[in-house]
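A look at the structure
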Amino acid sequence: MKLKIAVLPGDGIGPEISRVGVEVMKAVAKRFDHQFEFEYGLAGAAAIRATGNPFPEETLSLCKNSDAVLFSAVGDPEYDNNPDAKVRPEQGLLAMRKQLGLFANIRPIQTFPALVDKSPLRAEIVRDADFVCVRELTGGMYFGEKFESDDKAYDTNLYTRPEIERILRVAFELASRRRRHVTVVDKANVLASSRLWRKIAKEMESEWQDVTTDYMFVDNAAMKMLQDPCFFDVIVTENTFGDILTDEASVISGSMGLLPSSSVGESTPVFEPIHGSWPQAAGMDIANPLAQILSVAMLLEHFGLEEEGRTVRDAVDASIRERVVTPDLGEGGKSEFGTRAVGKWISDLICSDAV
Ligand code: IPM
Ligand code: MN
């Protein structure tokens, strides 16, 4: 298969894990005889410094003219500590999502048998947890009308019927291919926007007779996720709740560095880790590249390359089993392996035909 990939390394640890992601894709291309072509674009603080814009026109057209985007992370303390900054790196990520119409963010949460002891939760709670959070990505407070002055500020949590219907459809379809259980997470006891979500979900439920649908307030869902994560199969929720719940969910897997995601919608799909740019670790060769590598697996599977995706996942599993892991997953937070070494070990394994 021929695929043109737009690579957006971004900021902080982004470039380091991006290199590993590309290396893994090259290993897959070599082993399975595919032609993957890579073109690089600027995003985030790196793009602001070069062009003044966190998601420049050239990057948008690069993305639009590619089959997929391999994204890493954006964010920089220079902007985090300056509430008056007029442009922020994160705006680049949001612009990309909006301009590519990526309304559905798929965030799978899984546990690795060799890592159940890494979670601060008891092993018997997290073992076998396997669910997907379907996060709405182009609406809600992130994009609703905003106002900001010294004495007053607001964000508007606006959702329209078509926006809610299309994301719920993604969740129902996904659930019908999994364990057929959807949990709609909202705050319908307080928020008007949530009541519309719930009303529409109740209308749509009957179209998906074989799927069990239940409804949970977000505060309760946040608790249930830690008490009984195996309860969930597919969670569907609005942008802000999905952002918060998926960081929380990473605790189940044992590290933020393990969770990949795909964002799909109208234009080119984007594959990215759910973690941020961790600027304190930039250039230190300690960032866990597995979330990026698993994003590559999701990319391959998106194009129907199931065996290739499986191979990448098997190589990741092997690295964890053999303890070829970055310090976040090492004994006592230590490890002799860095980002590059873990990436190389996994790429070599893929090339070697041993997985
Ligand atoms: C994420 C991130 C982003 C978000 C930030 C960087 C804008 O936290 O992808 O979860 O809030 O969506
Ligand atoms: Mn987040």
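A short tour of the structure in this document, coming up. (Residues numbered from 1 in each chain as written. Chains lettered and ligands numbered in written order. Predicted model: local features only at pLDDT ≥ 70, side-chain atom pairs only at ≥ 80, totals over all residues. Heavy atoms only, no water.)

**Some details on the site of ligand 1**
Close to ligand 1 lie Glu90, Leu93, Arg97, Arg107, Arg135, Tyr142 and Asp243, which account for all nearby residues. One of the side-chain nitrogen or oxygen atoms of Tyr142 is found 2.6 Å away from an oxygen atom of ligand 1. Within the contact set of ligand 1, an oxygen atom lies 2.9 Å away from a side-chain nitrogen or oxygen of Asp243. Summarising the interface, the protein chains cover 80% of the accessible area of ligand 1, which totals 320 Å² for the free molecule. (Near = heavy atom within 4 Å. Polar contact = N/O pair within 3.5 Å; in protein donor to acceptor, adjacent residues only side chain to side chain. Areas by Shrake-Rupley, 256 points an atom, 1.4 Å probe, with all protein chains shown as cover.)

**Overview of the sheet that holds strand E2 (residues 35–40)**
Strands sit in the order E2-E1-E3-E12-E11-E4-E5-E10-E8-E9 across an open sheet of 10 strands; the sheet is mixed. Looking at which strands have only one partner, the edges of the open sheet turn out to be E2 and strand E9 (212–217). When the angles between neighbouring strand axes are averaged without regard to direction, this sheet yields 25 degrees. By the bridge criterion, seven bridges tie strand E4 (residues 104–110) to strand E5 (residues 130–136) in an arrangement that is antiparallel. Its bridge partner being in E5, Arg107 is matched across the sheet by Cys133. Here helix H11 (residues 290–302) sits on the sheet in contact with strand E1 (2–10), E2, strand E3 (68–73), E4, strand E11 (260–264) and strand E12 (270–273), set at roughly 155 degrees to E12. (Pairing = 2+ DSSP bridges. Helix = DSSP H or I, 4+ residues; strand = E, 2+ residues; numbered from the N terminus. Axes fitted to C-alpha atoms, helices over the stretch in contact; angles between N-to-C directions. Contact = heavy atoms within 4.5 Å.)

**Quick notes on helix H7 (residues 161–176)**
Over its 16 residues, H7 runs 22 Å from end to end, which matches the ideal 22 Å to within 8%, given 1.5 Å per residue. Buried residues of H7: Glu163, Ile164, Ile167, Leu168, Ala171, Phe172, Leu174 and Ala175, and no others. The buried residues of H7 occupy one face: seen down the axis, they fall within an arc of 160 degrees. Here the buried face of H7 lies against E4, E5, strand E8 (181–186), helix H8 (192–205), E9 and strand E10 (234–237). (Expected span 1.5 Å × (residues − 1). Buried < 20%, exposed > 50% of the residue type's maximum accessible area, 1.4 Å probe, protein only. Arc of directions from axis to C-beta.)

**Observations concerning the pattern of salt bridges**
Evaluation of the coordinates by the stated rule reveals 21 salt bridges. A salt bridge links Arg97 to Glu272; the nearest nitrogen and oxygen atoms lie 3.6 Å apart. Placement of Arg97 in helix H5 (residues 89–99) and of Glu272 in strand E12 is noted, with a sequence separation of 175 residues between them. By relative accessible area, which is 5% here, Arg97 ends up buried. By relative accessible area, Glu272 is classed as buried at 3%. Between Lys187 and Asp219 there is a salt bridge, with its nearest N and O atoms 3.1 Å apart. Pair noted here: Lys187 is in the loop between E8 and H8 and Asp219 is in helix H9 (residues 218–227), with a separation of 32 residues, a long-range link. Look at the salt bridges and you will find they share partners, linking Asp130, Arg178, Arg179 and Asp233 into a network. (Salt bridge = Lys/Arg side-chain N within 4 Å of Asp/Glu carboxyl O.)

**A few points about the pairing of E2**
When E1 meets E2, the two strands line up parallel, connected through six bridges. Counterpart to Val7 in the pairing with E2 is Tyr40.

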